[in-house]
Amino acid sequence: MEKRPLKGTSAIALSVSPSYQAFGDQQSSQNSANGNQHRGFSMSSDDDMIDITTTGTVTERSIHYDDPGTSHFAADGDEIPGIGQYEDFHTIDWQRDIARDRMRHRYIVKRRQNSLFDLVKGAHDAWSGWVCVLLVGLTTGVVAGVIDIGASWMSDLKYGICPSRFWFNREQCCWSSNETTSFETGNCSDWLTWSEVLGQSRTGAGAYIISYLMYIAWALLFASLAASLVRMFAPYACGSGIPEIKTILSGFIIRGYLGKWTLIIKSVGIMLSVSAGLSLGKEGPMVHIACCIGNILSYLFPKYGRNEAKKREILSAAAAAGVSVAFGAPIGGVLFSLEEVSYYFPLKTLWRSFFCALVAAFVLHSINPFGNEHSVLFFVEYNNPWIFFELVPFVGLGIIGGVIAAIFIRANLYWCKYRKTSKLGQYPVTEVLIVTAVTAVLAYPNPYTRMSTSELIYLLFRKCGVTNTDDLCDYNRNFTDVKSAVDLASAGPKVYRAMWLLVLALIFKLLATVFTFGIKVPCGLFIPSLCLGAIVGRIVGIGMEQLAFNYPHIWVFSGECSTMKDCITPGLYAMVGAAAVLGGVTRMTVSLVVVMFELTGGVRYIVPLMAAAMASKWVGDALGSHGVYDAHINLNGYPFLDSKEEFAHTSLAADVMQPKRNETLSVLTQDSMTVEDVETLMKETEHNGFPVVVSRESQYLVGFVLRRDLNLALAQARRAVEGLRPSSLVLFTSNSPQQPPQPGTPAPLLLKNILDMAPITITDQTPMETVVDMFRKLGLRQTLVTHNGRLLGVITKKDVLRYVKQLDNEDPNSVLFN
């Protein structure tokens, strides 16, 4: 098709998404008065200007018009993304996006009375958020069930196989045999170890060597598959994902991090890496997986898929669902999203997060991946109340947990920095195989490191009963009545042997987790942290138990322990210690306590958990300012402005703005620059936006235009407008030039409708404490600095982050992205 040139016009006005703007109703009504909201093109009131909107053009091409919230130009099948989208590694403008959504919502509400279709469309818009989080919860629950079942089955493949039903794991296989056996040893007739599969006996030196070698071989196979899948298909699928999720929820764009390939590879990879026996967990990556699901499903609803600020409401709900299915803790998931990962969390998002976590937990409970009546991971049944004096060892466990967490964070950060700066980072698959081989070789001889970390935590939380045969329950008790209360008794030799093995397991798990967290496979930190704390807690609990047995008449034990009943529960100490280390690593408090009592069912032990979590946080903050996730955000240079930290420096906006005083500021003028001038300015600079001023002499502020919007408008004008030349004037005003164009002079291009006429501005004397609060609480992308109305400079989010790092004696250039 040929373009039809426009003749007899004094100005060509390109109107981009008139009702899509973020600067209020006044501008929208002005556009409406000028006729800019009609499709195609129309003459304005003074008949000297032609408006070409993104919903129409003078060429005979196919145009698609959706609604004011979706502005895109389709020509010959090629779509140009609409105004309001962002490039990769850019920060979103929260205020602009929220205002766009309000304009879209007002438009829909206004049209409800027009027709039944508009009424249905308005109803769909109203409940689309609830439908979206419902779908996210359903999908997350199903995916979590598949991951739990798959990880359990592949983990048991390292030990043997169930020939009659190869899809059964060891526990299910032994259930089907109807034999009363010990699950820890797995010695039921239906379950064959690899030594038996290869024709050897179940016990003996030969069987041990075969099992040892098969354990290492399966671990290397699973780890190599996980690392290869991540490297080939989804590099973003490695790690836990929570540091990046926090950054994305704060308003940062990382294209592909929440995409479909990342979802698939992360789901498969976490099953493989957990099955390899590495010191990691699958619970942390479930938050990343759930957010991938939320991001993908949000595109079914343009209200969320095309608005980055609104999309983050869905992602916050998805993060809550991720923790809900990871631990069977829906309330803890909501609090985790609120306390740890979300940046913008209005009351509406709280309700939807609660609903999403509820649906996800219900679906997972229906699937029943653990094969029991409890949806929680480590259900415990403690009947004894805790003694008031036990608060002392509980707080002591909190202090120990904070110290262990600080040691881990410092060591892990040092190793991750070394990986980034050395040749080791160039061989990620090799590093994974080396870590896996060392872990498997050292883990197998110790029964407490050979079993999966989740099994070990459950063993440490469990209360010793009559039928328990583990070494931790080898007490010198004389059971005459199996229904009677378990008495205090002296620990047998196997208990002390188990304690020494647990000490070795603690050292091994700590070192292994330091080197494992950060390698190029999906890996979480929740379960290893719980394991470290549970080991310490169980050891302390056994010590307290033996102290009460040997000295029952000391005043601290004289009330509850004088009758020699079971007054001390070592499993409770393991639970408190687990909360202490996890709290020290992540610096969570409220959500941690709720997750722990939902995780174990131990509601009556909230006070000990609170005491340990608070002590752990205080010690952790004293030994290091950041939790592990914030530390990795700083290490990777993500532009994350933490809303929990205070800005205590006395400085002014003039100290931070760019450029400094007496330096030239890159600006656009409202009516004196040509298309060529604008293109030259964009080629010579890399700024993401440009202030628009009256003239270079006066420098009075008119508005602000984004680089992306300007590029889109110019590119669209070249296609839609005949006669556009490099010498055409670019106007950011609604008025035509005062001087009539000379014959042969190209018509000006009017771009006022991409101009933000109400940008956030501050003065050069504004305290930086106020500026930082504005960036945190308003979600600003940039603010303009003025003095008596004259433009002086710009402060971007990156400028603020660099300045904060400079004042904290850190490298300001570590903030990598725009």
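As annotated in an unreviewed UniProt entry, the protein chain carries the name Chloride channel protein and comes from Frankliniella occidentalis.

Draft legend 1. Quick look at the overall build of the protein chain. Along the protein chain, the regular secondary structure elements total 27 helices and 16 strands. Relative to its full complement of 818 residues, the protein chain shows a buried share of 57%. Look at the contacts in the protein chain between residues 6 or more apart in sequence, and 72% of them connect residues 24 or more apart. Accessible surface, the protein chain as shown: approximately 34700 Å² in total, 59% of it carbon and sulfur.

Draft legend 2. Representation of the confidence of the model for the protein chain within the structure. Across the protein chain, the average pLDDT comes to 81, with 82% of residues at 70 or higher. In this model residues 1-81 is a low-confidence stretch, pLDDT under 50, and it forms 174 contacts with partners more than four residues away in sequence or in other chains.

Draft legend 3. Geometry of the environment of R410. Tracing the sequence through the fold places R410 in helix α14 (residues 391-421). In this structure the C-alpha to C-alpha distance between R410 and A631, which are 221 residues apart in sequence, comes to 9.3 Å.

Draft legend 4. Summary view of the nonpolar core. Residues F327, Y448, F461, L530, I535 and M596 are the most contacted members of the largest nonpolar core, which totals 141 residues. Element by element, the count of residues in this core is highest for helix α19 (residues 526-550), at 12 residues. Counting residues in hydrophobic clusters, the runner-up holds 23 residues, among them Y343, M774, L801 and V804.

Draft legend 5. Looking closely at the packing of helix α11 (residues 308-327) against helix α13 (residues 347-367). Look at α11 against α13: their axes get within 8 Å of each other, and the N-to-C directions meet at 35°. Crossing handedness for the pair α11 and α13: right-handed. Contacts from K310, E313, S316, A317, A320, A321, S324 and V325 in α11 reach K348, T349, R352, S353, C356, A357, A360, A361 and L364 in α13. Along the lines of polarity and charge, the residues of the contact of α11 with α13 split into nine nonpolar, four polar and four charged.

Draft legend 6. Spotlight on the sheet that holds strand β14 (residues 761-763). The strand order across the open sheet built from three strands is β14-β15-β16, with neighbouring strands paired in mixed fashion. The sheet is open, and its two edges are formed by β14 and β16 (790-796), each paired on a single side. The average undirected angle you get between the axes of adjacent strands in this sheet is 35°. Sheet topology places strand β15 (residues 782-787) next to β16; six bridges connect them, and they run antiparallel. Across the sheet, L784 pairs through a bridge with V794, a residue of β16. With respect to the sheet, helix α26 (residues 768-778) is in contact with β14, β15 and β16, its orientation differing from that of β16 by roughly 60°.

About the cut-offs
- Residues numbered from 1 in each chain as written.
- Predicted model: local features only at pLDDT ≥ 70, side-chain atom pairs only at ≥ 80, totals over all residues.
- Heavy atoms only, no water.
- Helix = DSSP H or I, 4+ residues; strand = E, 2+ residues; numbered from the N terminus.
- Buried < 20%, exposed > 50% of the residue type's maximum accessible area, 1.4 Å probe, protein only.
- Contact = heavy atoms within 4.5 Å.
- Areas by Shrake-Rupley, 256 points an atom, 1.4 Å probe, with all protein chains shown as cover.
- pLDDT = per-residue confidence, 0-100.
- Core = buried A, V, L, I, M, F, W, Y, C linked by side-chain atoms within 4.5 Å.
- Axes fitted to C-alpha atoms, helices over the stretch in contact; angles between N-to-C directions.
- Left-handed = near helix turned anticlockwise from the far one by under 90°.
- Nonpolar A, V, L, I, M, F, W, Y, C, P; charged D, E, K, R; others polar.
- Pairing = 2+ DSSP bridges.

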